[in-house]
Amino acid sequence: MELLDQKGLFSEFFLKKHISKYLDRIVKERLKSSEIKTGLERALFTTQIKDIASKEVHTIKEEVSIQEAASLMAERRIGSLIVVDDNGVPVGIITDRDLREKVVASGRPISRPVREIMNAPLITVEADRYAFEAITTMIKNRIHHLPVVQDGRLCGMLTNHDLLLLQGISPLAIAQEIQNQETIEGLSKVSQKVIPFIGLLIKEEVPVRNILRIITEINDSIICRVIDIAQNQLGPAPVPFCWLVYGSEGRREQTFTTDQDNGLVYLDPSSSEEAKECARYFKEFSEFVVEALVRCGFARCRGNYMASNPQWCQPLKTWKDYFRKWINTPTPEAILRSVILFDFRGLYGDLSLAEKLRSFLLKEVQKKDIFLLHMAKLTVQFKPPLGFFRTFVVEKSGEHKNELNLKYRCLAPIVNIVRLAALEVPIGETSTLDRLERLKDIHSLMKDYAEELAEAFQFLMSLRIHHQYEQILKGKQPDNYINPNHLSNLEKKFFKEVCSLISHIQDLIEHKYFLGRLM
């Protein structure tokens, strides 16, 4: 370890070549110490889709009438049909739900062709993927039937029933229960089931990346259902809108301490009267949604970065003006807001509004060196908690004596490093891990360090999630403070290498932006 203290070439070689080895050993160590083995990981994360999907796929041509399709489904006792064109190429799917909602409820003539009610484009999953990936796809798209393909050809059909039979307790079961709720009170009760389920995944040592994906999809489902209920009660919006989430929610990196980071963008009103109506409707709408989410366990944002704040409930033009101003005049307040809001993603509604805003952001940030300079300053400002003699820097007194803040001292620096790189290129991904996956092939620094940063990030998130779950089991409010002395010797060593990696990359960024050196 003395060689590492001397930095230099050996330190860099060690950081790049041995981080993954440490991480593998830590995972194995935890697996050996795990006391509860329910088989959940085996069922959801090792079962291939081809082993549980139905091999029989029923198809129908797109010009066939709705009546014929309904008769075929009743005759064969099936809940879906794949719609194909004249060449036999799959172009969509119809389900029994489509017949109820798009035909019976709307009074559509049953003589019309099925192309008018099919869901397109067709969402599919590869046969050699795992059940977990099918689950997240179905939750994300709120579908119950998933065509299975192999080498580009249809080979089966997977339903939510197949997955529920695979594992009695699954995120799909929770997501289905969420979709069945008609009231905020009902949603609030379902949301209380999420933490025990996530705890089960933790005990099974499911990879942290997969845990984050499940948390994201379930939280997204709750938010979308709240918005459905809001629209049912308040009526349709006067213009198209998109519900935005940003911060950790926008990056799909929420854990047990979940607060709200959201906003709303709507189509620019065409008149002053429409503008007044939009302001009135979306104020009431946003307040309803934010309050409902509080009841479902999503705490209010202490910084008030929520759609219920009129500042973050605005037409597209105003959002663009915000972004332009922050980029062109990067004051400390502008940089703080950029760090939070630039990690946005559209969640519900007219997603094209979010994409237009993102395209504007990526175009505006190009060649704005002064803005990137200020972002770089923020990126190197917060150093990891490792002292000169490779000892952990912890709180000396107070409630968190001998502890360190894992989120702000370790995770935030990685998030900031990766966000800066993403804006330099620029790319539109928001998740830290997704950004690294893209950047490793196109960014000069990330070509060398993307894989190590991804492993370091997952290690830190794993520590954070395990720590918070242990606090919940003890009846405590989860936080981000850990005592490094409570880590295993292997975890301590790896933690120090992660801190060294962060410091090393921060040094490279300082050289690029403040010393005029090239990376």
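Undergrad: What am I meant to see in the side chain of His145 here?
TA: Inspection of the secondary structure puts His145 in strand 5 (residues 145-150). Filtering out sequence-adjacent residues up to four positions away, His145 remains in contact with Gly79, Ser80, Ile93, Thr95, Asp96, Met138, Met157, Leu158 and Thr159.

Undergrad: So what exactly am I meant to see when it comes to the sheet that holds strand 1 (residues 59-61) here?
TA: Hydrogen bonds between backbone groups are what pair the strands of a sheet, and the pairing can be parallel or antiparallel. Overall, mixed pairing links the 3 strands, which are arranged 1-2-3 in an open sheet. Single-partner strands in this sheet number two, and they are strand 1 and strand 3 (90-95). Between one strand and the next, the sheet's axes are offset by a mean angle of 35 degrees, whatever the strand orientation. Where strand 2 (residues 80-84) and strand 3 come together, 5 bridges link them in antiparallel fashion. Counterpart to Val83 in the pairing with strand 3 is Gly92. The sheet strands contacting helix 4 (residues 66-76) are strand 1, strand 2 and strand 3, and the helix crosses strand 2 at an angle near 135 degrees.

Undergrad: For this particular structure, what's the right way to read the packing of helix 9 (residues 184-191) against helix 11 (residues 208-234)?
TA: Each pair of packed helices gets described by two things: the angle between the helix axes and the distance between those axes. Viewed as axis vectors pointing N to C, helix 9 and helix 11 meet at an angle of 170 degrees, and their least axial separation amounts to 10 Å. By the criterion of interaxial angle, the relationship of helix 9 to helix 11 is roughly antiparallel. Taken together, the residues of helix 11 that come into contact with helix 9 (itself represented by Ile184, Leu187 and Ser191) are Ile222, Arg225, Val226 and Ile229. For the contact of helix 9 with helix 11, the residue count by class is 5 nonpolar, 1 polar and 1 charged.

Undergrad: Just checking my understanding: could you explain the sheet that holds strand 8 (residues 262-266) for this structure?
TA: One open sheet holds the 4 strands; their spatial order is 9-8-7-10, and the pairing between them is mixed. The strands lining the two open edges of the sheet, one partner per strand, are strand 9 (313-315) and strand 10 (345-349). Adjacent strand axes in the sheet meet at a mean angle of 30 degrees when their direction is disregarded. Note that strand 8 and strand 9 share 3 bridges and pair parallel. Within strand 9, the position partnered with Tyr266 by the bridge is Pro315. This element, helix 11, spans strand 7 (241-245) and strand 10 of the sheet and lies at about 40 degrees to strand 10. On the sheet, helix 14 (residues 316-328) packs against strand 7, strand 8 and strand 9 and is oriented at approximately 100 degrees with respect to strand 9.

Undergrad: It is not clear to me how the packing of aromatic side chains should be interpreted in this structure. Could you clarify?
TA: Between two aromatic rings, the relevant description is the distance of the centres plus the angle of the planes. Inspection of the entire model under this criterion finds 26 aromatic pairs. Judged by centre distance (5.9 Å) and plane angle (80 degrees), the ring pair of Trp319 and Tyr322 falls under edge-to-face. Taken together, the positions of Trp319 and Tyr322, both in helix 14 and 3 residues apart, correspond to about one turn of that helix. Across the pair, Tyr322 and Trp319 agree in class, each one buried.

The rules we used
Every chain is numbered on its own, with residues counted from 1 as its sequence reads. For a predicted model such as this one, the threshold for reporting local features is a pLDDT of at least 70, and the threshold for listing and counting side-chain atom pairs is 80 or more; totals across whole chains, interfaces and linings nevertheless cover every residue. Side-chain measures here rest on the full set of heavy atoms in the structure, leaving out hydrogens and waters. A run of H or I in DSSP becomes a helix once it reaches four residues, and a run of E becomes a strand once it reaches two; helices and strands are each numbered from the N terminus. Pairs of residues are marked as contacts when any of their non-hydrogen atoms sit within 4.5 Å. What makes two strands pair is DSSP finding at least two bridges between them. Fitting a line to C-alpha atoms yields each axis, with helices limited to the stretch in contact; the angle taken between N-to-C directions then spans 0 to 180 degrees. In what follows, roughly perpendicular refers to angles from 65 to 115 degrees, roughly parallel to angles under 35, roughly antiparallel to angles over 145, and oblique to any angle outside these ranges. Under the grouping applied here, Gly and all other residues not named as nonpolar or charged are polar, the nonpolar ones being Ala, Val, Leu, Ile, Met, Phe, Trp, Tyr, Cys and Pro and the charged ones Asp, Glu, Lys and Arg. In this scheme Phe, Tyr and Trp rings, the latter by its six-membered ring, pair at centre separations within 6.5 Å, and the angle between planes marks the pair as stacked below 30 degrees, edge-to-face above 60, and tilted otherwise. Each residue is placed in one exposure class: buried if its accessible area under a 1.4 Å probe, protein chains only, is under 20% of its type's maximum, exposed if it is over 50%, and partly exposed if it falls in between.

Scope: geometric values only; no functional claims are made or implied.
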